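Summary of structural features
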Amino acid sequence: MLQTLQKAARALTLFTPANPEWSVGEMAKALELPKSSVSELLSSLAEQGLLRRVGTGRYRLGWRLLELGQTLLKTTEFRDEARAVMQEMVAAWGETMHLAVLEAGTVVYLEKLRGQQGLQVELSGIGVRLPAHCSGVGKVLLAHQPWSEVLRVVGDEQLYPFTPNTITSLDALAAELTRVRQQGYAYDLEEVSIGLCCVAAPIRNYEGQVIAAVSFSAPTHRFRTHRDQYTRAIVEGAQRISERLGYYGGTSACKPIKSKSPSSVPAI
């Protein structure tokens, strides 16, 4: 039974936006299993709604997974607690906010709220995944992982340069994560998208473990003007969410980096 579950899990993880459809033969080759075994496995998953047949011997993810995903989102306690605080902050500041967790080495967005003047962030959305090295929430989440785990996640992968400002070396990433741990927040200064900056802070559970991150996103020109205010607001907001989850370890360090000139944040 355990081996069957492991094979099913491996099969499901092969479905990605880049490879949304698989044939029995392709799957068998990828899993290094006999076609007969894979055919039986995929057929069983389809019967449970986890996969759906789209042609002879061809499969895509099933709608049952969407239902399970919605159940996960609705029953995740900290998401509800975070959303309540985020709604207040969006109303007060008018910017776009994100809530994210780290899963299998990538950032997964659980919530996205856009204020009246909030920028439409095309690369994010509920359920969307992004590499962790380039975003504010990703850096916060990586910063509270052992370096051995960070290496396991990114050590064998190229740190993809989304923009000229993206961190692309392990040495630079290590220095950045150390800084994030010390100051209690992380910046994304046009590292995912030119013209977009953000600041993120950690959310802790009652044991003090970092389980998620929350962020403000704003266009660079507005972020440049309100950088310190955004930083204090997001750290305080993250602390409020953490307190709702039973963490009363005190506010995180919040020592915003004072910019000597507006040029310290890349111009649009």
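The structure presented is a predicted model; accordingly, all values stated were derived computationally and were not measured.

Helix and strand counts for the protein come out as nine helices and nine strands. By element, 52% of the accessible surface of the protein is carried by carbon and sulfur atoms, the whole surface being about 14,000 Å².

Pairing is antiparallel in the open sheet, where three strands are placed in the order 1-3-2. Edge positions in the sheet fall to strand 1 (22-23) and strand 2 (51-55), since each has one partner strand and no second. Both strand 1 and strand 3 (residues 58-61) contribute to a ladder of two bridges, which runs antiparallel. Paired with W22 across the bridge in strand 3 is Y59. Its contacts with the sheet place helix 3 (residues 35-47) against strand 2 and strand 3, and it is angled at close to 110° to strand 2.

Once that is clear, we can look at the layout of surface pockets. In this model, the largest pocket occupies a volume close to 1,500 Å³. Lining the largest pocket are 33 residues, and of these F15, L61, E103, G127 and R129 lie nearest its centre. Of all the elements in the fold, those that place two or more residues in the lining of the largest pocket are helix 1 (2-13), strand 3, helix 4 (63-74), strand 4 (96-103), strand 5 (106-113) and strand 6 (129-131). Sorting elements by how many residues they give to the lining of the largest pocket places helix 4 first, with eight residues. Its residues placed into classes, the lining of the largest pocket shows 21 nonpolar, eight polar and four charged.

Strands sit in the order 6-5-4-9-8-7 across an open sheet of six strands; the sheet is antiparallel. Two strands in the sheet have a free side with no partner beyond their single neighbour: strand 6 and strand 7 (186-189). Sheet twist, expressed as the average angle between the axes of neighbouring strands with direction ignored, equals 30°. Sheet topology places strand 4 next to strand 5; seven bridges connect them, and they run antiparallel. Bridging from a neighbouring strand, L99 pairs with E111 of strand 5. Running at roughly 10° to strand 8 (residues 196-204), helix 9 (residues 220-244) makes contact with strand 4, strand 7, strand 8 and strand 9 (210-219) of the sheet.

Another aspect to go through is the packing of helix 7 (residues 147-154) against helix 8 (residues 170-183). Orientation of helix 7 relative to helix 8, taken along the N-to-C sense of each, is 140°, at an axis distance of 12 Å. One element, helix 7, and the other, helix 8, form an angle in the oblique class. As for how helix 7 packs across helix 8, the hand of that crossing is right-handed. On the side of helix 7, the interface is formed by W147, V150, L151 and V154, while helix 8 contributes L170, L173, A174 and L177. Residues that form the contact of helix 7 with helix 8 fall into these classes: eight nonpolar, no polar and no charged.

Let us look at the environment of L12. Take L12: it is sitting in helix 1. Taking the C-alpha atoms as reference points, L12 and L45, 33 residues apart in sequence, are found 9.2 Å from one another. If we ignore the near neighbours within four places in the chain, the residues touching L12 are L45, L50, L51, L61 and L65.

Moving on, we get to the pairing of strand 8. For strand 8, a buried count of nine out of nine residues is recorded, marking the element as mostly surrounded by other parts of the structure. Taken together, the four bridges between strand 7 and strand 8 define a ladder with antiparallel strand orientation. Residue pairing across strands places L189 opposite C197, the latter belonging to strand 8. Taking the residues between adjacent antiparallel strands as the criterion, strand 7 and strand 8 are bridged by six residues, where E190 takes a positive phi near 55°. Following strand 8, the chain reverses through five residues before pairing antiparallel with strand 9; G208 in that reversal takes a positive phi of roughly 90°.

Conventions and cut-offs
Residues numbered from 1 in each chain as written. Predicted model: local features only at pLDDT ≥ 70, side-chain atom pairs only at ≥ 80, totals over all residues. Heavy atoms only, no water. Helix = DSSP H or I, 4+ residues; strand = E, 2+ residues; numbered from the N terminus. Areas by Shrake-Rupley, 256 points an atom, 1.4 Å probe, with all protein chains shown as cover. Pairing = 2+ DSSP bridges. Contact = heavy atoms within 4.5 Å. Axes fitted to C-alpha atoms, helices over the stretch in contact; angles between N-to-C directions. 1 Å grid on protein atoms, 1.4 Å probe; cavity = no way out; pocket = protein on both sides within 12 Å on 5 of 7 lines; lining within 4 Å. Points joined across faces, edges and corners; volume = space filled by probe spheres on them. Nonpolar A, V, L, I, M, F, W, Y, C, P; charged D, E, K, R; others polar. Parallel < 35°, antiparallel > 145°, perpendicular 65-115°, else oblique. Left-handed = near helix turned anticlockwise from the far one by under 90°. Buried < 20%, exposed > 50% of the residue type's maximum accessible area, 1.4 Å probe, protein only.

By themselves, these observations are geometric and do not establish any function.
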